[in-house]
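Next come the chains, spelled out residue by residue.
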Amino acid sequence: MVEALGVAVVGFGWMGRVHTQAYARVRHHYPRLALRPELVTVAEDVPGRAEEAAARFGFAAATRDWREVAADPRVRAVSVTAPNFLHREIGVAMAEAGKHLWIEKPVGLTTADARAVADAVAMAGVQGAVGFNYRNAPAVEAARDLIASGELGAVTHVRFRLFSDYAAHPESALTWRYERERGGSGVLGDLASHGADLAAYLLGDIASLTADTAVFVPERSRPTTATAGHTRAAGGESGPVENEDYVNCLLRFASGARGVLEACRVSVGEQNTYGFEVHGTKGAVFWDFRRMNELGVSRGDRYQDQPVSTVYVGPGDGEFGAFQPGAANAMGYDDLKVIEAYRFLRSIAEGKPYGATLTDAVRSAAVLDAMARSAESGSWVNLPAS
C-alpha cells in the first residue's frame with residue numbers, strides 16, 4: 001500500500017521549482033516507491049510568489065511565513081531552497097518540529113551552521129538529504145565504481161573544475177549571493193561545494209589543502225525589485241561584491257593522491273563547465289557535465305599512448321534505468337533532482353539514509369572553511385579525518 005506524505009517547499013526561486021517538479025515526477029520514474037508525495041504548502045516571502053506557485057503547481061496552501069510550515073501537522077517533509085543565510089534557522093526549526101529535511105547546499109554559511117542542522121536532524125530522529133545533485137549522475141556513479149574496482153590502478157592525481165558565466169556580466173544584480181552576511185562565501189559555497197563533495201565521493205577524505213581566491217568584478221548594481229536566479233540590474237545604486245568570484249585549490253588526499261579544484265562564476269565563454277579528470281597508475285576517467293551521460297575512459301596495459309574510449313552509460317549504471325531504456329539516451333539536470341527526491345523519500349520510507357546526507361554537508365563545509373582560511377593566511381591547512 002502506498003502511503004501519502006505531505007511535503008512543503010520553503011523558498012520558491014528556481015531551485016524551489018526544481019524540487020517541486022521532482023516531487024511531481026518521482027513516482028512516474030519509481031512506481032514502486034512506498035510513499036506518494038503530496039504538495040501541502042509553499043512558503044515564500046516575496047509578495048505573490050507563493051500564491052502563484054500554489055496555483056501553478058497545485059500546492060494546497062501558500063504562505064509568506066515559513067514558521068507556518070513548521071507548525072503544520074499535515075507537513076511531514078520539507079524542502080528548504082531559501083537563501084543560504086536562512087538555512088540554519090529554517091533547517092533546525094523543521095527538524096525540531098519533526099519534519100524530514102531535504103535542504104540545498106551549502107547548508108548555511110559555515111561548518112557550524114551545517115553541523116547545527118545535522119545535529120538537529122540526528123536529535124529529532126528524522127531523515128536529512130542535501131542537494132549535491134552532480135553525484136547522482138549515472139556516469140559519476142559509474143566512474144566511482146570504476147575507480148573502486150582498481151582498473152585505473154592507484155589514483156595519482158585529479159582535477160575538478162566548476163566554471164560558469166552566470167555572474168560574468170558587469171550588470172549582474174548585487175543580490176544576497178554577493179553579500180557576506182546573507183550569502184556567506186561566493187563561488188566557494190555555490191560551486192566549489194559541489195567540487196568538494198565530488199572529491200570526497202569519488203576519492204575519500206581530503207587531508208590538507210592550500211587555496212587562493214579573487215574578486216574580479218568588485219562592484220555591482222543593487223536590484224530595485226525582487227529577484228530570482230541570476231538577474232541583471234543597471235543604473236541602480238552600486239555596492240561592493242563582498243565574496244569571491246574565483247578559487248583555486250591544491251588538494252592532498254588521505255590516500256596520497258594529489259588534486260586541483262578550481263571554480264569561477266565569472267568565466268566568460270564557460271556555461272556550466274563542470275567535471276573532473278581522475279588519473280591512476282594504469283588508466284584514467286573523464287567526465288563533463290555538459291555531456292552528462294558519457295565518460296572518457298582509458299584502461300589497459302599500454303601505459304604510453306593508451307587510447308581514451310567514449311563510454312555511454314546505460315540501465316546498469318546508477319539510476320539510469322529509471323529514466324531511459326538503453327545507453328546513449330539522454331538524461332538532463334532535472335532528472336538528477338528526481339533521483340535526489342527518490343533517495344530522500346526512500347530514506348523516509350525505510351528509516352535509513354540513501355544519497356547525500358547532512359554528514360556530507362558538514363564534510364563539504366569543512367573543506368570550504370579550510371579553503372577560506374588558507375586563502376587568508378597563504379598556508380596549507382590540515383583537515384580532520386571524517
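Please refer to the structure higher up on the page.
Figured I'd write up the structure that's included with this text. (Residues numbered from 1 in each chain as written. Predicted model: local features only at pLDDT ≥ 70, side-chain atom pairs only at ≥ 80, totals over all residues. Heavy atoms only, no water.)

Side note on the packing of helix H1 (residues 14-29) against helix H9 (residues 333-350)
Contact pair H1 / H9: the axes reach a minimum separation of 8 Å and the direction vectors enclose 70°. Between H1 and H9, the angle falls in the class roughly perpendicular. Crossing geometry of H1 relative to H9 is assigned as right-handed. Each of Trp14, Met15, Val18, His19, Gln21, Ala22, Tyr23, Arg25, Val26 and His29 in H1 lies in contact with H9, whose residues at this interface are Tyr333, Asp334, Asp335, Lys337, Val338, Ala341, Tyr342, Phe344 and Leu345. (Axes fitted to C-alpha atoms, helices over the stretch in contact; angles between N-to-C directions. Helix = DSSP H or I, 4+ residues; strand = E, 2+ residues; numbered from the N terminus. Parallel < 35°, antiparallel > 145°, perpendicular 65-115°, else oblique. Left-handed = near helix turned anticlockwise from the far one by under 90°. Contact = heavy atoms within 4.5 Å.)

Things to note about the sheet that holds strand S3 (residues 61-63)
In a beta sheet, neighbouring strands are held together by backbone hydrogen bonds and run either parallel or antiparallel to one another. Ordered by their spatial adjacency, six strands build an open sheet running S3-S2-S1-S4-S5-S6, and the pairing between neighbours is parallel. Edge positions in the sheet fall to S3 and strand S6 (128-130), since each of these pairs with one other strand and no more. Each adjacent strand pair in this sheet contributes to an overall mean axis angle of 25°, direction not counted. Pairing of strand S1 (residues 3-10) with strand S2 (residues 35-43) involves eight bridges; the strand directions are parallel. Paired with Ala8 across the strands is Thr41, a residue of S2. Sitting on the sheet, H9 touches S1, S2, strand S4 (77-80), strand S5 (100-103) and S6, and the angle it makes with S5 is about 160°. (Pairing = 2+ DSSP bridges.)

Points about the nonpolar core
Among the nonpolar cores identified, the biggest contains 92 residues, and Phe160, Leu203, Leu209, Phe253, Val285, Trp287 and Met371 are the most heavily contacted of them. Those residues in contact with Leu209 that lie beyond four places of it in its chain are Cys249, Leu250, Leu251, Val367, Ala370, Met371, Ser374, Ser379, Trp380, Val381 and Leu383. Counting residues in hydrophobic clusters, the runner-up holds 33 residues, among them Ala8, Ala43, Val107 and Ala361. (Core = buried A, V, L, I, M, F, W, Y, C linked by side-chain atoms within 4.5 Å. Buried < 20%, exposed > 50% of the residue type's maximum accessible area, 1.4 Å probe, protein only.)

What to know about the pattern of salt bridges
Evaluated as defined, the whole model comprises 27 salt bridges. The salt bridge partner of Glu104 is Lys337, with a shortest N-O separation of 2.7 Å. With Glu104 in the loop between S5 and helix H5 (111-124) and Lys337 in helix H9, the pair connects residues that are 233 residues apart, well separated along the chain. Its relative accessible area of 6% is what places Glu104 among the buried residues. (Salt bridge = Lys/Arg side-chain N within 4 Å of Asp/Glu carboxyl O.)

Regarding the sheet that holds strand S14 (residues 284-288)
Strand order in this open sheet of nine strands is S16-S15-S14-S13-S7-S12-S11-S8-S17, and the pairing throughout is mixed. Single-partner strands in this sheet number two, and they are strand S16 (309-312) and strand S17 (381-382). Bridging between strand S15 (residues 294-298) and S16 involves four bridges; their strand directions are antiparallel. Residue pairing across strands places Val297 opposite Ser309, the latter belonging to S16. Lying on the sheet, helix H8 (residues 187-203) is in contact with strand S7 (155-163), strand S8 (206-214), strand S11 (246-253), strand S12 (258-264) and strand S13 (273-280); it crosses S7 at an angle near 155°.

Here we look at unusual backbone geometry
A cis amide bond, omega 5°, links Lys105 with the succeeding residue Pro106. With respect to the helices and strands, the residue Pro106 is situated in the loop between S5 and H5. Even without glycine at this site, Val107 takes up a positive phi of about 60°. Residue placement: Val107 occurs in the loop between S5 and H5. Owing to a relative accessible area of 0%, Val107 belongs among the buried residues under this scheme. Located in the positive-phi region is Asn272, a residue other than glycine, with phi close to 55°. Residue position: Asn272 is located in the loop between S12 and S13. Accessibility expressed as a relative area gives 34% for Asn272, which makes it partly exposed.

Re the pairing of S14
Among the five residues that make up S14, four are buried, leaving the element largely enclosed by the rest of the structure. The pairing of S13 with S14 spans five bridges and is classified as antiparallel. Its bridge partner being in S14, His279 is matched across the sheet by Ala284. From the end of S13 to the start of S14, which pair antiparallel, there are three residues. Note that S14 and S15 share three bridges and pair antiparallel. Bridging from a neighbouring strand, Val285 pairs with Val297 of S15.

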